[in-house]
Every structure is written in C-alpha cells, then in structure tokens.
Amino acid sequence: MLRAHWDYLREMHAAGRLVVAGPSWVEPDPFGIGVCPLEDRAEVEAMVAADPAVTSGAMTAEIRPMRIVTR
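A brief report on the enclosed structure follows.

Further remarks concern the environment of Phe31. If you trace the backbone, Phe31 turns up in the loop between β1 (20–23) and β2 (32–35). Every residue in contact with Phe31, bar those within four places of it in the chain, is listed here: Pro23 and Ser24.

Written as structure tokens, this is what we have:
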C-alpha cells in the first residue's frame, strides 16, 4: 500500500496537482502533509479520496485551505 501511495503522490506531482508532500519529522507522529495548487475543493477531495492509502483505510486525510504568501 505504501508503494502505491508514493507512486500516486509522484503521479499527482508530475501532473502539476501536488507541489510537495512528505511525512512529519516528529517521531512517532505519523502525520504527513501535501500541498496542492488547486482552488477547487471538490477537485482536492476527489484527489485525496483516490489515494491508495486512503482507499485502503490505512490513512485518513483532512483538507485545509492555505494562502500561499511566497513562491
């Protein structure tokens, strides 16, 4: 499942739908984050719902809007 999750994230990045993603550096916190340059919440929800880690039930996701102040 993790390999499928990582491959999915790489696909989303290559398609321009994911800027960056990765796990937390705080052990043993299993928290991870992904930053999407998408403004349509439904598009983000669909992308997250299709992630193999989410569909397998191994991970859950919370979507939060973010205002980018630097690029």
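What follows continues from the structure just given.
Moving on: the layout of surface pockets. In this structure, the largest pocket encloses a volume near 1,400 Å³. Gly32, Ile33, Gly34, Val35 and Glu62 are, among the 42 residues lining the largest pocket, the residues nearest its centre. Counting residues per element, the lining of the largest pocket draws most heavily on helix α1 (residues 2–14), at six residues. The class makeup of the residues in the lining of the largest pocket is 27 nonpolar, six polar and nine charged.

What follows covers the environment of His13. Within the fold, His13 resides in helix α1. Classification of His13 as partly exposed rests on a relative accessible area of 46%. Here the alpha-carbon distance between His13 and Ser56, two residues 43 residues apart in the chain, equals 21 Å. When residues no more than four places from it in sequence are discounted, the contact partners of His13 are Leu18 and Val19.

What follows concerns the side chain of Asp51. Within the element layout of this structure, Asp51 appears in the loop between α2 (41–49) and α3 (52–55). Discounting chain neighbours no more than four positions away, the residues touching Asp51 are His5, Tyr8 and Leu9.

Turning next to a nonpolar patch on the surface. Taken together, Met1, Leu2, Trp6 and Met59 make up a surface patch of nonpolar side chains, about 360 Å² in accessible area. As for its position among the elements, Met1 is in the segment before α1.

Rules used throughout
- The residue numbering used here restarts from 1 in each chain and proceeds along that chain's sequence as written.
- Per-residue local features are limited, in this predicted model, to residues with pLDDT of at least 70; the limit for side-chain atom pairs, both in listing and counting, is 80 or more; totals at the level of whole chains, interfaces and linings are taken over all residues.
- Side-chain numbers here rest on the full set of heavy atoms in the structure, without hydrogens or water.
- Elements are defined by DSSP. Helices are runs of H or I of four residues or more, strands are runs of E of two residues or more, and each kind is numbered from the N terminus.
- Working rule for contacts: check all heavy atoms of both residues, and any pair within 4.5 Å makes them a contact.
- Two kinds of site are reported from a 1 Å grid over the protein atoms alone, namely cavities, where a 1.4 Å probe fits but cannot get out, and pockets, open sets with protein on both sides within 12 Å along at least five of seven lines, and residues are called lining when an atom falls within 4 Å of a point.
- Grid points are joined across faces, edges and corners, and a volume is the space filled by probe spheres set on the points.
- Three classes are used, and their members are as follows: Ala, Val, Leu, Ile, Met, Phe, Trp, Tyr, Cys and Pro are nonpolar, Asp, Glu, Lys and Arg are charged, and the others, Gly among them, are polar.
- Any residue under 20% of the maximum accessible area for its type is buried, any over 50% is exposed, and the rest in between are partly exposed; the area is computed with a 1.4 Å probe on protein chains only.
- Patch construction takes residues with relative accessible area above 30% that form no salt bridge. Like charges are linked within 9 Å, and nonpolar side chains (Val, Leu, Ile, Met, Phe, Trp, Tyr) are linked within 5 Å.
- Only the protein chains shown count as cover for residues, with accessible areas throughout obtained via the Shrake-Rupley method and a probe of 1.4 Å.
- Only one rule defines a salt bridge in this text: a Lys or Arg side-chain nitrogen within 4 Å of an Asp or Glu carboxyl oxygen.

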